[in-house]
Protein chains: 2
Amino acid sequence: MGMRVRALVAEDRTAVAEALVASAAFSADEVRVALEMADAGLAGDYLLPSIEAEGAVRAYACIGHATLTAASWYVYWFCVHPAWQGRGYGRALNAHIEEQVSAAGGERLVVETSGRDDYARARRFYERSGYALAGRIADFYKTGDDCLIYCKALR
Amino acid sequence: MGMRVRALVAEDRTAVAEALVASAAFSADEVRVALEMADAGLAGDYLLPSIEAEGAVRAYACIGHATLTAASWYVYWFCVHPAWQGRGYGRALNAHIEEQVSAAGGERLVVETSGRDDYARARRFYERSGYALAGRIADFYKTGDDCLIYCKALR
């Protein structure tokens, strides 16, 4: 597939912004917060694993240890540029996250995502990747837009 | 009951620390993070409603609007000094939070708490206060210590 897994660097910021904006799933506010967290990650607050293909980052995630937990990690953002979906980049990125978190002593991943119809593909991705639904907060994001909490225990 | 509901001020920091430390429920790390968030609240990042009785703060909460949501608020910390429990301060504090969040346009409160036995009283408090269980993340805090997610829709 000609892809390379590596940590995001400052020069990738434009490619990350492009991937987020191209994802119809994210609102302008969400893109802004995701980029702020990418900047915080570049400063050391989060890990930013990514997939580079054909000279640019096409997928990335923003992950971090959950405060006050022994071994739980949040996947705050997970984005594959829509023009580069269907090539296994999401699966490769998730596999890398699991290795990276396990190596850091992490024992589970937690993802919060939307219950909206346009997130069905994302939810299927998490379910196929071994995440199980752990909760649902009705109308959390806005009326009719529930928060679904998924968790995957790592070995 | 001779209590007064008011916002926390910098001079209350010692009373808050006392209440947190006296609560056997909180670890040293949790007390540290709760005090950091109280400081951030005093700087404007969170709201810090509290109950003063007999000259000092005996109960307080740290609450804030959940980023990227239209009208969801997190109750990050909620603490009644154990020597001052059983006097309705928790109920009064929760009622004040609901008013304050509703006045700010908030429509729901979300609380994450522990599934441990020593949190049974806290869970019963939330259930009696109208919160419903929305999720459970097994072993989230540590092995055998689940995260329970409660939500209360306002009005």
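Counting restarts for each chain: residues are numbered from 1 in the order of the written sequence. Numbering of ligands from 1 and lettering of chains from A proceed in the order in which they are written. Given that this is a predicted model, residues contribute local features only at a pLDDT of at least 70 and side-chain atom pairs are listed and counted only at 80 or more, while totals for whole chains, interfaces and linings are drawn from all residues.

Peer 1: Account for unusual backbone geometry, naming residues and giving values.
Peer 2: Residues and elements named next belong to chain A. Its identity is not glycine, yet leucine 68 carries a phi of approximately 70°, on the positive side. Where helices and strands are cited, they refer to DSSP runs of H or I of at least four residues and of E of at least two residues respectively, numbered from the N terminus. Examined against the element boundaries, leucine 68 turns out to sit in the loop between strand 3 (56–65) and strand 4 (72–80). Judged by the 16 C-beta atoms lying within 10 Å of it, leucine 68 falls in the partly exposed class. Phi angles above zero are rare outside glycine, and aspartate 139 is one such case at about 60°. As a rule, residues whose C-beta atom has 12 or fewer other C-beta atoms within 10 Å are exposed, those with 20 or more are buried, and those in between are partly exposed; C-beta atoms are placed from the backbone.

Peer 1: Tell me about the relation of the copies chain A and chain B, and name the residues and values.
Peer 2: We place the copies in one frame by least squares, fitting the C-alpha atoms of every residue whose pLDDT is at least 70 in both. When chain A is brought onto chain B, the operation consists of a screw motion whose angular component is 180° and whose axial shift is 0.0 Å, with 0.1 Å RMSD remaining. Considering both components of the superposition, the chain copies are consistent with a two-fold axis. Within chain A, the C-alpha atom positioned nearest to the axis of rotation is that of Gly135(A), 1.8 Å from it. Whether two residues are in contact depends on their C-beta atoms, placed from the backbone: they are in contact if these lie within 7 Å. Both copies contact each other with a shared surface, as 100% of the interface residues of chain A are interface residues in chain B too.

Peer 1: Tell me about the interface of chain A and chain B, and please be specific about residues and values.
Peer 2: Size of an interface, as often reported, equals the accessible area lost when the parts are brought together. Taken residue by residue, the interface counts 20 residues in chain A and 20 residues in chain B. The set of elements that each furnish at least two residues to the side of chain A that touches chain B consists of helix 2 (28–42), strand 5 (108–114), strand 6 (132–142) and strand 7 (145–153) of chain A. If you tally residues by element for the side of chain A that touches chain B, the top one is strand 6 of chain A, at eight residues. When grouped by side-chain class, the residues that make up the side of chain A that touches chain B number 10 nonpolar, four polar and six charged. Think of it as three bins: nonpolar holds Ala, Val, Leu, Ile, Met, Phe, Trp, Tyr, Cys and Pro, charged holds Asp, Glu, Lys and Arg, and polar takes everything else, Gly as well.

Peer 1: Lay out the confidence of the model for chain A in plain terms, naming residues and giving numbers.
Peer 2: On a range of 0 to 100, pLDDT expresses the predictor's confidence in each residue. Of the residues in chain A, 99% reach a pLDDT of 70 or more, and the chain-wide mean stands at 97. This prediction of the complex comes with two scores: 0.96 for pTM and 0.95 for ipTM.

Peer 1: Mind laying out the packing of helix 1 (residues 13–22) of chain B against helix 2 (residues 28–42) of chain B, listing which residues take part and the relevant values?
Peer 2: All names here are of chain B. Axis definition: a line fitted to C-alpha atoms, over the contacting stretch in the case of helices. Angles run 0 to 180 degrees between N-to-C directions. With their axes 10 Å apart at the nearest point, helix 1 and helix 2 run at an angle of 150° to one another. Regarding the angle of helix 1 to helix 2, the classification is roughly antiparallel. Like other packed secondary-structure pairs, helix 1 and helix 2 cross with a definite hand, here right-handed. Each of Arg13, Val16, Ala17, Leu20 and Val21 in helix 1 lies in contact with helix 2, whose residues at this interface are Val31, Ala34, Leu35 and Ala38. Partitioning the contact of helix 1 with helix 2 into residue classes produces eight nonpolar, no polar and one charged. By the definition adopted for this analysis, an angle is roughly parallel if under 35 degrees, roughly antiparallel if over 145, roughly perpendicular if from 65 to 115, and oblique otherwise. Handedness of a helix crossing follows the sense of rotation of the near helix relative to the far helix, less than a right angle counterclockwise being left-handed and clockwise being right-handed.

Peer 1: Talk me through helix 2 of chain B; I want residue IDs and the actual numbers.
Peer 2: Residues and elements named next belong to chain B. A helix is expected to reach a length of 1.5 Å times the quantity of its residues less one. Across its 15 residues, helix 2 extends 21 Å between first and last C-alpha, which sits within 8% of the 21 Å expected from 1.5 Å per residue. Within the span of helix 2, buried status applies to Ala34, Ala38 and Gly41. Down the axis, helix 2 shows its buried residues gathered within 60° of arc, on one side only. Facing away from the buried surface of helix 2 by more than 90 degrees, the exposed residues are Ala28, Asp29 and Glu36. Once helix 2 finishes, glycine 44 follows within two positions and takes phi at roughly 110°, a positive value. To obtain the arc, one takes the directions from the helix axis to the C-beta atoms.

Peer 1: Describe the environment of Val31(A), listing the residues and the values that go with them.
Peer 2: Residue and element names in this part refer to chain A. For valine 31, the position within the fold is in helix 2. For the pair valine 31 and alanine 19, spaced 12 residues apart in sequence, the C-alpha to C-alpha distance is 9.6 Å. Beyond its immediate sequence surroundings of up to four residues, valine 31 is in contact with Leu20, Val21 and Phe26.

Peer 1: Explain the pairing of strand 5 of chain A to me, and be specific about the residues and the numbers.
Peer 2: All names here are of chain A. Counting buried residues in strand 5 gives five out of seven residues, a clear majority hidden from the surface. The pairing of strand 4 with strand 5 spans four bridges and is parallel. Counterpart to tyrosine 74 in the pairing with strand 5 is valine 110. Handedness of the strand 4-helix 3 (residues 89–103)-strand 5 crossover: right-handed. Bridge count between strand 5 and strand 7: seven bridges; the pairing is antiparallel. Across the sheet, residue serine 114 finds its bridge partner in strand 7, namely cysteine 147. Any two strands between which DSSP finds at least two bridges are classified as paired. We call a crossover right-handed when, viewed with the strands running away from us, the connection from the first strand over the helix to the second turns clockwise.

Peer 1: Can you tell me about the environment of Val31(B), naming the residues and giving the values?
Peer 2: Using a count of 17 C-beta atoms within 10 Å as the deciding quantity, one classes Val31(B) as partly exposed. Considered as a pair, Val31(B) and Gly130(B) are 99 residues apart in the sequence and their alpha carbons are 27 Å apart.

Peer 1: Any chance you could break down the environment of Asp145(A) for me, citing the residues and the numbers?
Peer 2: Residues and elements named next belong to chain A. Within the element layout of this structure, aspartate 145 appears in strand 7. Judged by the 15 C-beta atoms lying within 10 Å of it, aspartate 145 falls in the partly exposed class. For the pair aspartate 145 and serine 114, spaced 31 residues apart in sequence, the C-alpha to C-alpha distance is 6.4 Å. Contacts of aspartate 145, omitting those with residues within four sequence positions, involve Ser114, Gly115, Arg116 and Asp139.

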